[in-house]
Amino acid sequence: MTLEQRIQDVEARIEAACERSGRKRQDVNVIAVTKYVSLESTGSAIRAGLTQIGENRWQDAEAKWNAFHDQATWHFIGSLQSNKAKEVVGRFAYIHSLDRLSLAKAIDKQAKELEVKVPCFVQVNVSGEESKQGLAPSEVADFLQQLKQYSHIQPIGLMTMAPFEAEPEETRPVFRGLRELRDELNRTCELEQPLTELSMGMSNDFEVAIEEGATWVRLGSILVGKEGE
Ligand SMILES: *Cc1c(COP(=O)(O)O)cnc(C)c1O
């Protein structure tokens, strides 16, 4: 399939998932994850209108960011080492992988220097899989209280990754769990601003994630492709 066909195919599937769940199409944002593709393909994706770009390692993103930073909005979606916060803050508009206070401290320090406020998603390990990053759901309320000391971080929502399932329907409890956790935190924590966003759903499971309330889906292989395969 060409890029145009993939974009159309994904768009039709997003619209159908919104329809099934009574959601508005405009409430679901698409992040094109370009980590599997070249600089050239990233440029093509942006020219085709995919202007929310996700990358999960600064080393791999650097050349793409240098080439196209003013043509897209950049999302850092991978696990972030505290010593890389310097590179990421100020370049990426959103960080989806905030999962520990030491990282919050590093982000906050850099953000303060640049006089910016960084919108962040708190990453949650809903499935409990050992290989997955993120806080346990029971740890998030306390984490949000601790984050209040970092005035240059704006927690805007939660992020999770579901385990890969041959049958995407099986991911539903993970996505539903993240939505219910967000709603509960908004009811019970005294947050400065409510958590509105849910970053969840990848190529294999984005339709289920949308049905369960995703406001950002992160799509790599199905949308921009996977080169070298
Ligand atoms: C790679 C990656 C994606 C996209 O993966 P696909 O399955 O190719 O859509 C989404 N989110 C994160 C955190 C990733 O690392």
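Computed from a predicted model, the values in this text were never measured in an experiment. (Residues numbered from 1 in each chain as written. Predicted model: local features only at pLDDT ≥ 70, side-chain atom pairs only at ≥ 80, totals over all residues. Heavy atoms only, no water.)

(A) The arrangement of the pairing of strand β6 (residues 153-159) in detail. Judged by how many residues are buried, β6 sits mostly within the fold: seven of seven residues are covered. Both strand β5 (residues 118-123) and β6 contribute to a ladder of six bridges, which runs parallel. Each residue of the ladder has a partner; that of Cys120, found in β6, is Pro155. As for the winding sense of the linkage, the β-α-β connection from β5 through helix α6 (residues 140-147) to β6 is right-handed. Pairing of β6 with strand β7 (residues 197-199) involves three bridges; the strand directions are parallel. Within β7, the residue paired with Gly157 across the bridge is Glu197. Between β6 and its parallel partner β7, the chain crosses via helix α7 (residues 172-188), and the hand of that crossover is right-handed. (Buried < 20%, exposed > 50% of the residue type's maximum accessible area, 1.4 Å probe, protein only. Helix = DSSP H or I, 4+ residues; strand = E, 2+ residues; numbered from the N terminus. Pairing = 2+ DSSP bridges. Right-handed = clockwise from strand over helix to strand, strands pointing away.)

(B) The arrangement of the site of the ligand in detail. Around the ligand sit 13 residues in total, of which Lys35, Ser203, Arg218, Gly220 and Ser221 are the nearest. In the environment of the ligand, an oxygen atom lies 2.6 Å from a nitrogen or oxygen atom belonging to the side chain of Lys35. Within the side chain of Ser221, a nitrogen or oxygen atom sits 2.8 Å from an oxygen atom of the ligand. The class makeup of the residues in the shell around the ligand is seven nonpolar, four polar and two charged. (Near = heavy atom within 4 Å. Polar contact = N/O pair within 3.5 Å; in protein donor to acceptor, adjacent residues only side chain to side chain. Nonpolar A, V, L, I, M, F, W, Y, C, P; charged D, E, K, R; others polar.)

(C) A look at α6. Here α6 has its buried residues at Val140, Phe143, Leu144 and Leu147. When α6 is viewed along its axis, its buried side chains cluster within an angular range of 100° and face the same direction. Packing partners of the buried residues in α6 comprise β4 (94-98), α5 (101-114), β5, β6 and α7. (Arc of directions from axis to C-beta. Contact = heavy atoms within 4.5 Å.)

(D) Region of the structure containing the nonpolar core. One finds Ile95, Leu98, Ile107, Val140, Leu158 and Leu223 to be the most contacted residues of the largest nonpolar core, which totals 64 residues. The element that contributes the greatest number of residues to this core is helix α1 (residues 3-21), accounting for six residues. With sequence-adjacent residues up to four places away left out, Ile95 is seen in contact with Phe76, Leu80, Val88, Val89, Ile107, Val118, Pro119, Cys120 and Phe121. One finds Val33, Phe121, Met159 and Trp216 within the second-largest nonpolar core, a separate group that totals seven residues. (Core = buried A, V, L, I, M, F, W, Y, C linked by side-chain atoms within 4.5 Å.)

(E) Looking closely at the packing of aromatic side chains. Under the defined criterion, the tally for this structure stands at six aromatic pairs. Seen from their ring centres, Trp58 and Phe92 are 6.1 Å apart, and the 80° between their planes marks the pair as edge-to-face. You can see Trp58 sitting in helix α3 (residues 58-68) and its partner Phe92 sitting in the loop between α4 (85-88) and β4, a full 34 residues away along the chain. As far as the burial class goes, Trp58 and Phe92 line up, both buried. Measuring from centroid to centroid gives 6.3 Å for Trp74 and Phe92, while their planes differ by 85°, and the two rings are edge-to-face. Placement of the pair is Trp74 in strand β3 (residues 73-76) and Phe92 in the loop between α4 and β4, with a sequence separation of 18 residues. Trp74 sits in the buried class, given a relative accessible area of 2%. (Phe/Tyr/Trp six-rings, centres within 6.5 Å; stacked < 30°, edge-to-face > 60°.)

(F) Spatial organisation of the pairing of β4. Counting buried positions along β4 gives four out of five residues, so the element sits mostly inside the fold. Of the pairings in the sheet, the one linking β3 to β4 comprises two bridges and is parallel in character. Looking at β4, one finds that His75 is bridged to Tyr94. Pairing geometry for β4 and β5, over two bridges, is parallel. Looking at β5, one finds that Ile95 is bridged to Cys120. Since β4 and β5 lie parallel, the crossover through α5 that links them has a hand, and here it is right-handed.

(G) Spotlight on α5. Over its 14 residues, α5 runs 20 Å from end to end, which matches the ideal 20 Å to within 8%, given 1.5 Å per residue. Among the residues of α5, Leu103, Ala104, Ala106, Ile107, Asp108, Gln110 and Ala111 are the ones counted as buried. Elements in contact with the buried residues of α5: α4, β4, β5, α6 and β6. In the stretch just after α5, Glu115 is the one whose phi turns positive, near 55°. (Expected span 1.5 Å × (residues − 1).)

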